[in-house]
Amino acid sequence: MSLTPHDIARMLDHSTLQPFLTEDDIRRGCELALKYNTASVCARPCDVPILAEMLRGSDVKVCTVIGFPHGAHATQIKVDEARLALDLKAFKPAVRTDNSFSLIRARHPLIDPKKCVPVDIALGREYDSLIITGPNTGGKTVTLKTAGLLCAMAQCGFLIPADERSEICVFDEFLVDIGDEQSIEQSLSTFSGHMKKITGILELAMPHTLVLLDELGAGTDPAEGAALAVAIIEELRRRGVLLMATTHYAELKVFALETKGVVNASCEFDLETLRPTYKLSVGVPGKSNAFLISEKLGIPERVIEAAQQHLSAEDKRLDAVLGQLDDLKLQLKESQNEVEELKNDA
């Protein structure tokens, strides 16, 4: 999916979504654009020259919109947006002028709010790339979709299902590879399908671009897939993009630990219930927990023990380190809970 500024750039102040009919309307729209540091405003073709003149010398872009809504149609659009915002319990985020965003307690808009677990997602300040790991069905892909969708919604003028302290920036492109692109008709394997998409992403990637990659490097030899994944991430970072990627590869976890600007994150999993918690922990790589999950699902213990013997010494060391990190994470959570209880008691 690729969205240009002409597709999605909107001011978040809804008063500017109406057509500029008079010079006073245009002037008011320009004042709001400058006040809120918006990246772009949209207008009918006939209003663009006046807007461009009034905004000369500023960083605000003027986008032409064909078939701009007006009259009763524009009013109905505003009403529908307001109803959607109420249904989603949505808020207006702040707009940043740099290339960073912070989504606080963000929720995917298509998941039942009663069941959805809010997540905190940030990129562009302390780090520009986030490598998300953890077991299957743990919420990794939903996290990618939530980040991309909420940023795009905000740029389209929608309020977003996230805390009002959230901040977004304006992206020129959203470049996404999510889902299995296997095709018998086109003679594409899962790996080939992903590489075809990533080829297009590499052609378009530039600064002010958000790139979302699901299961990067999957579908081929693990060693080659991991090496290719690291090289793709390095190339995209050289282009100045913001990047989120999911993976099971231990090599990418190590890469994130060793590389400045790249951070691990993990989707938590309850090993007792074999159910994901859908909580995102930034700074800690996740374990796939294949052995523990398989054992709880009935795979004989002797098979699990034999599988563990086939792990390399390096993999065993990494697994032990991740286990220690999980233990430290649990201890930290317990300490945080105790602090919260003491605050409540006070």
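Please read all numbers here as calculations on a predicted model, not as lab measurements.

### With respect to the sheet that holds strand S10 (residues 242–246)
In space, the 6 strands of this open sheet follow the order S8-S9-S10-S6-S11-S12, with mixed pairing throughout. The open sheet has two edge strands, strand S8 (173–177) and strand S12 (275–282), and neither has a second partner. Direction aside, the axes of adjacent strands within the sheet are offset by 15° on average. Of the strand pairs in this sheet, strand S9 (residues 209–213) and S10 are connected by 4 bridges, and their pairing is parallel. Each residue of the ladder has a partner; that of leucine 213, found in S10, is alanine 245.

### A word on the packing of aromatic side chains
Scanning the model with the defined rule gives 2 aromatic pairs in all. Relative to phenylalanine 171, the ring of phenylalanine 101 lies with its centre 6.1 Å away and its plane at 80°, an arrangement referred to as edge-to-face. Residue phenylalanine 101 is located in strand S4 (residues 101–106), and its partner phenylalanine 171 is located in the loop between strand S7 (167–168) and S8; the two are separated by 70 residues in the primary sequence. By relative accessible area, phenylalanine 171 is classed as buried at 0%. Pairing phenylalanine 171 with phenylalanine 174 gives two aromatic rings, centres 5.5 Å apart and planes at 70°, and the pair type is edge-to-face. No difference in accessibility class separates phenylalanine 171 from phenylalanine 174, as the two residues are buried. Three or more aromatic residues joined by ring pairs make a cluster, and in this case those are Phe101, Phe171 and Phe174.

### Overview of the nonpolar core
With 34 residues, the main nonpolar core has Phe101 and Met244 as its most contacted residues. Of the residues forming this core, the biggest block, 7 residues, is contributed by helix H5 (residues 140–155). Once you skip the residues sitting within four places of it in the chain, methionine 244 turns out to touch Ile121, Leu123, Leu130, Ile132, Thr143, Leu144, Ala147, Val211, Leu212 and Leu213. Ile131, Met195, Ala205 and Ile233 belong to the second largest nonpolar core, which has 23 residues in total.

### A few points about the side chain of serine 129
Residue position: serine 129 is located in strand S6 (residues 129–133). Owing to a relative accessible area of 0%, serine 129 belongs among the buried residues under this scheme. In contact with serine 129, not counting residues within four places along its chain, are Leu123, Arg237, Leu243, Gly261, Val262 and Val263.

Parameters at a glance
Each chain carries its own residue numbering, running from 1 in the direction its sequence is written. Local features in a predicted model are, by the rule used here, given only for residues with pLDDT of at least 70; side-chain atom pairs are given and counted only at 80 or more, and totals for whole chains, interfaces and linings are based on all residues. Heavy atoms throughout the structure, all of them, feed into the side-chain values; hydrogens and water do not. Here the rule is simple: two strands pair whenever DSSP picks up at least two bridges between them. We count a stretch as a helix when DSSP gives it H or I for four or more residues in a row; a strand needs E for two or more, and each element gets its number in order from the N terminus. The axes used here are C-alpha line fits, helices contributing only the stretch in contact, and every angle between their N-to-C directions lies in the interval 0 to 180 degrees. Any two of the Phe, Tyr and Trp rings considered here, Trp counted by its six-membered ring, make a pair once their centres fall within 6.5 Å; the pair's planes then place it as stacked at under 30 degrees, edge-to-face at over 60, or tilted in between. Exposure classes here rest on a 1.4 Å probe applied to the protein chains alone. A residue is buried below 20% of its type maximum, exposed above 50%, and partly exposed in between. To qualify as a nonpolar core, a set must consist of buried Ala, Val, Leu, Ile, Met, Phe, Trp, Tyr and Cys residues joined through side-chain atoms within 4.5 Å. Residue contacts follow a heavy-atom distance rule, with two residues in contact if any of their heavy atoms lie within 4.5 Å.

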